[in-house]
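Notes for the structure review
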Amino acid sequence: MTSKSTIALGNAFVGFRGRIRELVVDMAGIGLPGPELERRLIELGFVEGADVELLHQGLFGGDPIAVRVAHTTIALRRREAMAILVTPALPA
Amino acid sequence: MNAGGALAAVAAPIVAPVIALVGNPNCGKTALFNALTGSRQKVANYPGVTVEKKVGRVTTPAGRVLQIVDLPGTYSLRARSPDEEITRDVVLGRRQSDVNPDLIVCVGDASNLRLALRLALELKRVGRPVMLSLNMMDIARKRGVEIDLGRLSRELGVPVVQSVAVRRGGTDALLREIDRLLEDLPLAKAADWQAPDAGELRGAQSEADRVLRAAVKSSGERDPGTAAVDAVLLHPVAGLVVLLALLFVMFQAVFAWARPLMDLIQDGFTWLGTLVEVSPLPDLLKSFFKDGLISGVGSVIVFLPQIVILFFFILVLEDLGYMARAAFLMDRIMGGAGLHGRAFIPLLSSFACAIPGIMSTRVIDDKRDRLTTILVAPLMTCSARIPVYTLIIGAFIPDREVWGFVGLQGLVMFGLYASGIAGALAVSFVIKRLFWHGVPGEPFMLELPDYKLPRIKSLAIGLWTRATIFLKRAGTTILSMMVLIWFLASFPRPPQGATEPAISYSLAAMLGSLLQPLTEPLGFNWQINVALIPGMAAREVAVGALGTIYAIDGGEGAADKIGQAIAGQWSLATALALLAWYVFAPQCASTLAVIRRETGSWKWMWVTFGYMLVLAYAAALVTNQIARALGAG
């Protein structure tokens, strides 16, 4: 997998499946300091290598999103999901 | 250690080992706690904070009495909210005078172990004896999850047992293991825990993932039931429609289902009143029992069925796992008003009562978001308003159907709820703009648990707790207010040869008239003014107060017909204005006290009181004037 195909989970469509490549939290416009956001994401299971799938999204602006990460379903806003870089799963 | 030495036994008569339950939110920890302790549980607060402290007792097969402590759910000991701080402090032994656990039981949902295992690894580092209890094993097995308990225990380095909280005997293995561990408890080591950084958390999670791969065989597929249900309930459009429909059904149910039971309670109190009437007591005493106590307290207790039904809905939705979905659906809408998606749960609880609602704002990590939610929570229509609304709607709104299937009375009720919600959204919007303009909001992150059928036992315990709290209030606050009202309405006694009804000569009438210039523009009469004064302590008291006033005023047989009395004496404009007043008025001393406690400042309490009073006055004024202009005066 090359880094070219890497996208931010916050930009993904419903039905997206992939794997977490890395967490990049040093972006502006986030309500939390980067390191704190990173720790919270990890505590909810968003770690490198975990499989993710975008299950649902809200009505207005497609926000928030419901993401399956490994065995858990987590709701979060796209703004925070921008910190999660993912590579799409190869089509089966 | 609590070895039960003679000295300790003198100091505290019952020295039972303390077992702390720790786990992720939604792991079934509370179900396990209920299964273990049943009705032998006590809910109180931790000293100094408002976090609920749930402690219960259980006797093990070996005859040991254990104290079980149910700690607030958390993903890590790195506490971010007051709730999670309690969990951390108890686990780390920082609240020794209060609870000091001898053994920590980490509870994990067997079908969703990944995050639980990381928590277990973190708990292991605390230096106290730890074991892992896999809850909901039945569900996990059905979903094809195979767990090698021995392997899991070896890899984690802590004892592991399985439990099914909802089945008889489902906790036997857990209790036996606790017995075994308590036989030979190692001394607690000094806690070497400190908040992990991102690198350590990553390390812990990959270790947890390794253990998971080694000991658990699972397809990792979603629960098919949950997936199917979510396809509808989390659908961007259908989900919102279902949510609104659900709220609507809830309020119709509160109105319709409770009716027969309420009639029964009403009849019971009327019968009690008749007993007093025919007794050989002196007239003044008769009046005290019948008009003061029975009609006053009775008119409040009659609303128990409605309150139980409302809490029934809230508890069922919570147990089902729907509340997190509701927060998901509402996040963006609430965000538009400057509220956090997580505020939905506290605000929904505020429909039952603002006090648990305000207390549950502890799930909101961010201080500003939390404060906004606290300030607007009292605007959500709490169950104490139901008696007032019911009385007035019953007296003034015709009981007929509109559009062929919706009751008009239920519709008006729905409208009152909607006004409260709109008010709350508008106020929070203003707060956000005024005070915290440009401050970025706290992220919304929430686990959406698999759906689970609510358990009758947990539900029963929950409803029982709420009903007891309500009845206790009726027996204390409300009762004493009733006695006061009766006194005000009965003294001084009318002079010899009085021509007016006795109450016209009373203190109550004087007080009510004193307020008249203030409430005149709202269309309130002095009876309403009198009822509003004790209603400041608790909203529903107003109904009892009106009952007492009109009973003393109208004489025999009027107490059970407050509705008829007000229908005859008030104009529609007055009734509507009073409804509008009640949507906004800050009439609950306990809520204000909780705001003071939760925000730690008098300032926010007075801010709440002030803005609500202004809104209430304005709403009642506008309603009254418009209604009169339209000819309802």
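Everything here concerns the structure above.
Description of the structure in this document. All values derive from a computational prediction rather than experimental measurement. (Residues numbered from 1 in each chain as written. Chains lettered and ligands numbered in written order. Predicted model: local features only at pLDDT ≥ 70, side-chain atom pairs only at ≥ 80, totals over all residues. Heavy atoms only, no water.)

**Observations concerning the overall build of chain A**
For chain A, the count of helices and strands is 2 helices and 6 strands. Listed N to C, the secondary structure of chain A is β-β-α-β-β-β-α-β in terms of helices and strands. Every one of the 92 residues in chain A was classed for burial, and the buried ones make up 58%. Taking contacts inside chain A between residues at least 6 apart in sequence as the whole, the part at least 24 apart equals 64%. (Helix = DSSP H or I, 4+ residues; strand = E, 2+ residues; numbered from the N terminus. Buried < 20%, exposed > 50% of the residue type's maximum accessible area, 1.4 Å probe, protein only. Contact = heavy atoms within 4.5 Å.)

**Details of the nonpolar core**
Residue and element names in this part refer to chain B. Of all hydrophobic cores here, the largest spans 113 residues; its most connected members are Phe524, Trp570, Leu578 and Trp581. A per-element tally of this core places helix 13 (residues 304-320) first, with 10 residues. Counting 41 residues, the second largest nonpolar core, distinct from the first, contains Val18, Cys106, Ile147 and Val216. (Core = buried A, V, L, I, M, F, W, Y, C linked by side-chain atoms within 4.5 Å.)

**Here's the deal with the interface of chain B and chain A**
Counting residues at the interface gives 42 residues for chain B and 39 residues for chain A. The contact between chain B and chain A buries some 3,700 Å² in all, and 58% of this surface belongs to carbon and sulfur atoms. Looking only at chain B, the three residues that lose the most surface to chain A are Arg114, Arg202 and Met445 of chain B, adding up to 18% of its buried area. At the surface where chain B touches chain A, the tally comes to 6 salt bridges. Of the charged contacts, one joins Glu43 of chain A and Arg78 of chain B as a salt bridge, the two residues approaching to 2.7 Å between their closest N and O atoms. Only helix 4 (114-124), helix 8 (198-215), helix 9 (224-233), helix 14 (322-336) and strand 12 (445-447) of chain B provide two or more residues apiece to the side of chain B that touches chain A. No other element matches the 6 residues that helix 8 of chain B contributes to the side of chain B that touches chain A. (Buried area = accessible area lost by both parts, 1.4 Å probe. Salt bridge = Lys/Arg side-chain N within 4 Å of Asp/Glu carboxyl O.)

**Section: the side chain of Arg78 of chain A**
Residue and element names in this part refer to chain A. With respect to the helices, strands and loops of the structure, Arg78 is situated in helix 2 (residues 78-81). Here Arg78 is buried and forms no salt bridge, its nearest opposite-charge partner Asp63 lying at an N-O distance of 4.7 Å. In this structure the side chain of Arg78 is engaged in a polar contact, spanning 2.7 Å, whose partner is the side chain of Gln57. Aside from chain neighbours lying at most four places away, what touches Arg78 is Leu9, Gly10, Asn11, Ala12, Leu54, Gln57, Gly61, Gly62, Asp63 and Ile65. (Lys, Arg positive; Asp, Glu negative; His and termini not counted. Polar contact = N/O pair within 3.5 Å; in protein donor to acceptor, adjacent residues only side chain to side chain.)

**Overview of unusual backbone geometry**
Most peptide bonds take the trans configuration, and most residues that are not glycine carry a negative phi. Residue and element names in this part refer to chain A. That bond from Asp63 to Pro64 is cis: its omega, -10 degrees, falls within 30 degrees of zero. By secondary structure assignment, the location of Pro64 is in the loop between strand 3 (51-57) and strand 4 (65-69). The residue Ala70 is not glycine, and still its phi comes out positive at about 50 degrees. The residue Ala70 is located in the loop between strand 4 and strand 5 (72-76) in this model.

**Let's talk about the sheet that holds strand 4 of chain A**
Read across the sheet, 7 strands follow the order 1(A)-6(A)-2(A)-3(A)-4(A)-5(A)-12(B) without closing on themselves; strand pairing throughout is antiparallel. Each edge of the sheet is formed by a strand with only one pairing partner; in this case those strands are strand 1 (7-8) of chain A together with strand 12 of chain B. Taken together, the 2 bridges between strand 1 of chain A and strand 6 (residues 84-88) of chain A define a ladder with antiparallel strand orientation. Bridge pairing in strand 6 of chain A links Ala8 of chain A to Leu85 of chain A. Together, strand 3, strand 4 and strand 5 of chain A together with strand 12 of chain B form the strand contacts of helix 14 of chain B, whose direction differs from that of strand 12 of chain B by roughly 150 degrees. (Pairing = 2+ DSSP bridges. Axes fitted to C-alpha atoms, helices over the stretch in contact; angles between N-to-C directions.)

**A few points about the pairing of strand 6 (residues 130-135) of chain B**
Residues and elements named next belong to chain B. Among the 6 residues of strand 6, 6 are classified as buried, and the element is accordingly described as predominantly covered. Burial of the side chains of strand 6 extends over both faces: Val130, Leu132 and Leu134 are buried on one face and Met131, Ser133 and Asn135 on the other. Pairing of strand 5 (residues 103-109) with strand 6, which is carried by 6 bridges, proceeds in the parallel orientation. Bridge pairing links Gly108 to Leu134 in strand 6. Note that strand 6 and strand 8 (residues 160-162) share 3 bridges and pair parallel. Bridged to Leu132 within strand 8 is Val160.

**What about the pattern of salt bridges?**
Throughout the structure, instances matching the rule amount to 28 salt bridges over all chains. Taking the shortest distance from any N to any O, the salt bridge between Arg17 of chain A and Glu53 of chain A comes out at 3.6 Å. Of the two residues, Arg17 of chain A is situated in strand 2 (residues 17-23) and Glu53 of chain A in strand 3; the sequence distance between them amounts to 36 residues. Here Asp209 of chain B and Arg114 of chain B are joined by a salt bridge, their closest N and O atoms 2.8 Å apart. In this pair, Asp209 of chain B sits in helix 8 while Arg114 of chain B sits in helix 4, placing the two residues 95 residues apart along the sequence. Of the residues examined, Asp209 of chain B reaches a relative accessible area of 14% and is grouped as buried. Each of the salt bridges in this network shares a partner with another, and the network as a whole consists of Glu36, Arg39, Arg40 and Glu43 of chain A together with Arg78 of chain B.

**Re helix 6 (residues 149-156) of chain B**
If you check the start of helix 6 of chain B, you find a side-chain oxygen 3.3 Å away from the backbone N of Gly150 of chain B, and it comes from Asp148 of chain B. Once helix 6 of chain B ends, the next one or two residues include Gly157 of chain B, with phi positive near 80 degrees.

**Observations concerning the packing of aromatic side chains**
Residues and elements named next belong to chain B. For the structure on display, the rule yields 6 aromatic pairs over all chains. Pairing Phe312 with Phe313 gives two aromatic rings, centres 6.0 Å apart and planes at 85 degrees, and the pair type is edge-to-face. Residue Phe312 is classed as partly exposed on the basis of its relative accessible area of 31%. For Phe313, a relative accessible area of 12% puts it in the buried group. Consider the rings of Phe524 and Trp581, whose centres lie 5.9 Å apart with planes at 80 degrees: the pair is edge-to-face. Of the two residues, Phe524 is situated in the loop between helix 21 (507-519) and helix 22 (526-535) and Trp581 in helix 25 (residues 572-584); the sequence distance between them amounts to 57 residues. In this pair, the class of Phe524 matches that of Trp581, namely buried. (Phe/Tyr/Trp six-rings, centres within 6.5 Å; stacked < 30°, edge-to-face > 60°.)

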